[in-house]
Structure formats: structure tokens, C-alpha cells
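The residues making up each chain are set out below.
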Amino acid sequence: MSAPIDRPGKIIAIHLNYRSRADQRGRTPASPSYFFKPSSSVAGTDGVVERPAGTELLAFEGEIALIIGTAAHRVSVEDAWSHVASVTASNDLGLYDLRANDKGSNVRSKGGDGYTPIGPDLIPAAEVDPAALRVRAWVNGDLRQDDETSGLLFPLPQLIADLSQHFTLEPGDIILTGTPAGSSVIVPGDVVVVEVDAPHSSKTLTSGGLRTTVTQGTVAFDGALGSLPAVDDLQRAEAWGSREEAGLPAEDAPEAPAAPVTAPGLDPRLRAKLVAAPTAGLSAQLRKRGLHACFIDGVSANLPGAKIVGTAKTLRFVPAREDLFARHGGGYNAQKRCFDAVDEGEIIVIEARGDATTGTLGDILALRAKARRAAGVVTDGGVRDFAAVAEIGLPVFSQGAHPSVLGRRHVPWDVDVTIACGGATVQPGDIIVGDSDGVIVIPPALVEEVVDATLAQEDEDAWIAEQVEAGHPVDGLFPMNAAWRAKYDAARGADAGTGTGA
């Protein structure tokens, strides 16, 4: 047959479902997430798929397709499989060149004509164990994917039950159940074959080979109508399956010395001034402007002499509760999402309620933050693998070392929200400065005024120190009375006239 279902009512696909694929991607979701594909994307066996002109990253994904036989609405996991009529092979083709523009919806990146080949034969669902199915994919005769449903993160009946609690699954609807490791880029001339079978069954049960040939398209996308294809090294690595397969250098390969990190929202000139300004001076200037609660108390640096400057990316933990940790603590939780998403020059600020009796990050997450070129981490909790984190070279301001895991005291809860850290309120985008005296939080609207006043005061204090060192008493000098102020102004004026002033 050309396709078991020519025009299904709905095609629902899951983003990530095989452990092998999750390991390859370096992230494990806490619960299944889905996207829809249009019915016009369905194609049959021995068909063709076009790689559009001007694109490079068309990838195959061998998958098991479930075809719903009877309506399923709020069904239980135990009853879910009885609503499946048949099982077959599918190829969830996707164009990574368009993925970044769809923000996870995959409307354009996976919705193209012919991007959902299905078939050729149907396996009766009643004759197979949903936990003992196998999917394999070959490219030009080479086996690229080979995995079984025993390796799923979310079993097939769970997907049916989960989806049915949100909308009715109707006869003919198709569920694409995820792809294992091995998905990669295909180019014009390549032939992909996908097969689903039941290798442990007493009789031969197979979908047969679902064959798709890649051809080169000649029509490019029109940028006047919408966003154009665009790729970067991250998309290349994910499309090919690894940086090595994509022909990219390893992330830990030696690189040329990096340019100084510029925090988002901070131009190099402003950042340079903040680097020169001590937190003690910044704190004094904030107090003069009526802000008395902008100091993060109780934290110190893991690296002697560390100075951090950047904008805040916030992460909130709530007190440990077993049922909440079971739902929010495992998989790709808020803590991992935060470290995966931190941008160059940002500082992760963690609300741990001042509880130093467990770690709030360890060496793996520190490595991730370092790779993302984060400017540092501030936590009012503890740090696991303290020595290893210091060896990584990531500046971390914390209450010190603690060997306990996160779940002892905390549930990772939310990212990019207003938090409380060490007695200070911190909002995403606030300016964070830390040095040997501690960490200060500066509202962005005040940063220019505060840092300029701090540097001016530092210049004045340095002149006062010279006078004290020369033998003058501090009375009337610190702070300066009118007479000393006049001397200072005269000295600064003379320095400016000779070009030696600050």
C-alpha cells in the first residue's frame, strides 16, 4: 500500500523519548512534550522527499507509529493500548535549518510535504507487546538506528493516556513515538529505509521496509514572506548527532584566547568600569541613594581574588517535599534548564533560602556554565564537588562546601523569576558585582550613576590615603572638611592640567 492512512485527522509527535537519544542530547525530560504535524506531510513507502534549495540539514528519524482504532478520551494507562488498531514504521523527517525559528513547535521544520512517510504494512496492535517492539533505520544499506521500546523514557500506553486527558484521540489519528540515537543528516541521493518489528514474537510481525529517497529541490524560500533558513554549529551538531559527525572541533579543543566577556546589556565600557569598582564602594553609593538591601549576605568566592560582573539569570529552589521533588526534581528540571540556557556574561543567581546544608550545584553543572561562558554563579546555599568546581575555574560565591545532593533540602522550581538570595531581592537582568568583600545587586537603571560615583569616590579615597601616609591626621581629612576639599580640588586640577589625572 502507498500509505496506511492517507489523511489522518491528527498527527502527534513526541520530542524526546528514547534513553539513547536523551543520552546523546545530554538532557532528559521530566515528562513527555509533543508537537503536531500536518496531515499533508504524510507520504507512503518508496517515495521521495525534497531537500529545499538553500538548506543543508535535512535529517531522518526512524520511529514507531501508532494508529488509533477506537476513540480514546481520558483513558487509563492500563486501558490505553486497547485503543490502538495497528503499529507501523514512520520517518519523522525534519529540516534543522528552520528549527530555531519555530521555538519547539516544529511547524515548518517538520511540517513539509512528504516529511512523514508511513508504512508500508500494518502490524495489529493486539498481537504485540508495546514494550517489546523494535525500530531500525538504514541509510544506503548501512544500519544507523536499532533500538527497542524497552528503552523508552515514556512507555507507549503512557503517551496514549497522557494525550487523551487533553483531547480525544480519534480513529485514524497517528502518534509518532520518538526516535532513538543514530538519527543524522541525509543528502540528495540518499535512500532511507525504516522498519518496525516484534523481534521477540513467536511469529514474524513486521511493517516491511519504509523507503524514502532524498532529492534536491530547486525552489528557495522567500525571505519576504517569513524567516529564512539559518544554521549554526549547535544545529549542525544536533542534526548530525555529534560535533565529530558534523566535522566540528570538540568543545574542549584548544582555541584562540577568547575576547573579554561582555555581559548581555553591558557594553564593554560600562563593564570595564564595574570591574574597576569595588563592591564596598558600590554599596556605599547605593546606600546614599536609599537602597540598603542590595547586598547578598553570607557568601564568599571559591577562587581567591575572584571578581565577577554580569547580569543576573535567576534560579529558584523551594523547600524539599517528597511529592514535589518526584514531579519536579528529576529529568530535565529547572536547575538543568537554567545551566543549559545561561548566556555568555550572565551570572546564575540561586535562591536556596540561605540553607548551606546541601549542594545547589556540582562539577557537571559548573562545567556546563563554563562552556556557556557564564560569568559566574552566586548561591546562598552550598556547593558539591567544591574543589573540582574551583579547578574548573568557574567563579562561584556560596556559603561553602557541602557533599549532600540537591533533593535533601530543595526542589528546583523556576527559572528567570524574581528571587531572594542572601537577603537581597534579585530580578533577571539586575547587575551583579562580586569581589573579596562579597556580592552586590545593582538595579540596571542606576548602574551608570552608581559606578561613576563609586570610581570618583575611589579616586578621592586614594588621595586621602596618600595624605595619611604622608603623616596627616584623619581629623578633618576623612571625610574632608572645606580646607582639605579645596586642596584636593586644586591637586586634581593640577593633575588634569599635566595630563596625569585619573
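The structure contained in this document is the topic of the report that follows.

The rules behind each value
- Every chain is numbered independently, its residues counted from 1 as its sequence is written.
- Since the coordinates come from a predicted model, pLDDT governs what is reported: local features require at least 70, and pairs of side-chain atoms require 80 or more to be given and counted, while whole-chain, interface and lining totals use all residues.
- The basis for every side-chain value is the complete set of non-hydrogen atoms in the structure, without hydrogens or water.
- The definition of a nonpolar core used throughout is a set of buried Ala, Val, Leu, Ile, Met, Phe, Trp, Tyr and Cys residues joined through side-chain atoms within 4.5 Å.
- Three labels apply to residues, based on accessible area from a 1.4 Å probe with only protein chains included: buried if under 20% of the type maximum, exposed if over 50%, partly exposed otherwise in between.
- Helix and strand definitions follow DSSP, with helices as H or I runs of at least four residues and strands as E runs of at least two, each counted in order from the N terminus.
- It only takes one pair of heavy atoms within 4.5 Å for two residues to be counted as in contact.
- To obtain each axis, a line is fitted to C-alpha atoms, and for helices this fit is confined to the stretch in contact; angles are then taken between N-to-C directions over 0 to 180 degrees.
- Throughout this description, any angle smaller than 35 degrees is read as roughly parallel, any larger than 145 degrees as roughly antiparallel, any in the 65 to 115 degree range as roughly perpendicular, and the remainder as oblique.
- Each residue gets one of three labels, nonpolar for Ala, Val, Leu, Ile, Met, Phe, Trp, Tyr, Cys and Pro, charged for Asp, Glu, Lys and Arg, and polar for the others, Gly among them.
- A pair of strands is treated as paired once DSSP finds two or more bridges between them.
- A pair is scored as a salt bridge if a Lys or Arg side-chain nitrogen falls within 4 Å of a carboxyl oxygen belonging to Asp or Glu.

A closer look at the nonpolar core
Next up, step 1: Counting 44 residues, the largest nonpolar core has Leu 66, Trp 81, Val 87 and Ile 160 as the members making the most contacts within it.
Next up, step 2: A total of five residues in this core trace back to one element, the largest contributor, which is helix H4 (residues 156-164).
Next up, step 3: What Leu 66 contacts, discounting residues up to four positions off in sequence, is Trp 81, Val 84, Ser 86, Val 87, Leu 156, Ile 160, Asp 173, Ile 174, Ile 175 and Thr 177.
Next up, step 4: In terms of nonpolar packing, the next biggest core, distinct from the first, is built from 22 residues, Cys 338, Ala 352, Leu 365 and Val 383 among them.

Some details on the packing of helix H9 (residues 334-341) against helix H10 (residues 363-371)
Next up, step 1: Interaxial distance between H9 and H10 falls to 8 Å at its minimum, and their mutual angle equals 30 degrees. By the angle between their directions, the pair H9 and H10 is classed as roughly parallel. Side by side, H9 and H10 meet where Gln 335, Phe 339 and Asp 340 of the first sit next to Leu 365, Arg 368 and Ala 369 of the second.
Next up, step 2: Partitioned by chemical class, the residues of the contact of H9 with H10 number three nonpolar, one polar and two charged.

Focus: the sheet that holds strand E14 (residues 210-220)
Next up, step 1: The strand order across the open sheet formed by five strands is E4-E14-E13-E10-E11, and the pairing between neighbours is mixed. Of all the strands in the sheet, the pair left with one neighbour each is strand E4 (47-53) and strand E11 (142-148). Along the sheet, successive strands turn relative to each other by an average axial angle of 25 degrees, direction set aside.
Next up, step 2: Judged from the six bridges that link them, strand E10 (residues 134-139) and strand E13 (residues 191-197) form a sheet pairing that is antiparallel.

What to know about the environment of Val 48
Next up, step 1: Here Val 48 is to be found in strand E4.
Next up, step 2: Linking Val 48 and Arg 74, residues 26 residues apart in sequence, is a C-alpha distance of 38 Å.
Next up, step 3: Among all residues touching Val 48, those that are not within four sequence positions of it are Thr 212, Thr 213 and Thr 215.

Brief notes about the pattern of salt bridges
When charged atoms on two side chains of opposite charge get close, those side chains can pair.
Next up, step 1: Under the definition given, this model contains 25 salt bridges.
Next up, step 2: Of the charged contacts, one joins Asp 92 and Lys 37 as a salt bridge, the two residues approaching to 2.6 Å between their closest N and O atoms. One end of the pair, Asp 92, is in the loop between strand E7 (84-91) and strand E8 (94-95); the other, Lys 37, is in strand E2 (residues 34-37), and 55 residues separate them in sequence. Grouping residues by exposure puts Asp 92 and Lys 37 together as buried.
Next up, step 3: For Arg 269, the salt bridge goes to Glu 448, with nearest N and O atoms at 2.9 Å. Placement of Arg 269 in helix H6 (residues 268-276) and of Glu 448 in helix H12 (residues 447-469) is noted, with a sequence separation of 179 residues between them.
Next up, step 4: For Arg 269, a relative accessible area of 45% translates into the label partly exposed.
Next up, step 5: The network of salt bridges with shared partners includes Arg 21, Lys 37, Glu 61, Asp 92 and Lys 110.

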